[in-house]
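Working through the structure, step by step
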Amino acid sequence: TFFKGSLRQVFAVITSKFYIRRHFEVIFVPGLKQYEYARLLGFERKNIIAPYYSADLNLFNSFYKEFIDVKSIKYPRNLLFVGRLEEIKGVRQLIRSFNSIDNTNGWKLTIVGRGSLKNELVTTSSFNNRIKFVDFQNQDNFGNVILNCGFFVLPSISEPWGVVVHEFAASGLPLLLSNQVEAGSAFLRTGY
């Protein structure tokens, strides 16, 4: 996580000398904000290892290279969400927002994942042929999904990192992220 100034985090900063750093010499962090929190906890720069979360660049970049020519001829009008189907991921709001658009100009939404909301989301979206649900996929099987999608969407309400952002950026998909997705600080450039 990163420092948000909660009472628990302030307490951790104050007491880290006695509890955290007494038992741990090194800390792994995924991004800049987590690095800053590690510094607040008193870890020396040399003992902070970043970036810890990373995509399989060979695999995901191979999807980009494989599909770039096909997509340059006809770019797929399909938004892609990959993640746990839980409230914190914002998938319910994504579906509600997508359904609120009367004319999507042929755009569709593919949702890949499992979770406690799946049955509800599938049931409430079953009337809509613009939304497709796909069960959780192994990374090696994402080629066909990526071939048929034009944007990756992660509308999380809270997302301390989000390695899927790295994966789909490496596969060449433009990103639509909520401002709560911390991986956006590394992989999303507004206006590009």
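Our subject is the structure that appears above.
A brief look at the structure comes next. (Residues numbered from 1 in each chain as written. Predicted model: local features only at pLDDT ≥ 70, side-chain atom pairs only at ≥ 80, totals over all residues. Heavy atoms only, no water.)

1. Observations regarding the packing of aromatic side chains
Heads up, the rule is: Two rings from Phe, Tyr or Trp (for Trp, the six-membered ring) form a pair when their centres sit within 6.5 Å of each other. Planes less than 30 degrees apart are called stacked, planes more than 60 degrees apart edge-to-face, and all others tilted. Counting from the N terminus, the helices are DSSP H or I runs at least four residues long and the strands are E runs at least two residues long. Buried means the residue's accessible area, taken with a 1.4 Å probe over protein chains only, is under 20% of the maximum for its type, while exposed means over 50%, and partly exposed covers the values in between.
Tallied over the full model, the rule gives 9 aromatic pairs. Summarising the aromatic geometry, the rings of Phe152 and Phe168 are spaced 4.7 Å apart at their centres and angled 15° between planes, so their arrangement reads as stacked. With Phe152 in strand 6 (residues 151–154) and Phe168 in helix 7 (residues 163–170), this residue pair connects regions lying 16 residues apart in the sequence. Comparing Phe152 with Phe168, the two get one shared label, buried.

2. Thoughts on the pattern of salt bridges
Put simply, the test is: Should a side-chain nitrogen of Lys or Arg be within 4 Å of a carboxyl oxygen of Asp or Glu, the pair is scored as a salt bridge.
Evaluated as defined, the whole model comprises 7 salt bridges. Between Glu44 and Lys46 there is a salt bridge, with its nearest N and O atoms 3.9 Å apart. According to the relative accessible area criterion, Glu44 is partly exposed, its value standing at 45%. For Lys46, a relative accessible area of 67% puts it in the exposed group. Across the salt bridge formed by Glu120 and Arg92, the nearest N and O atoms sit 2.2 Å from each other. Of this pair, Glu120 sits in helix 5 (residues 118–125) while Arg92 sits in helix 4 (residues 91–99), placing them 28 residues apart in sequence. Residue class for Glu120 comes out partly exposed when judged on its relative accessible area of 35%. Taken together, the salt bridges that share partners define one network made up of Glu87, Arg92 and Glu120.

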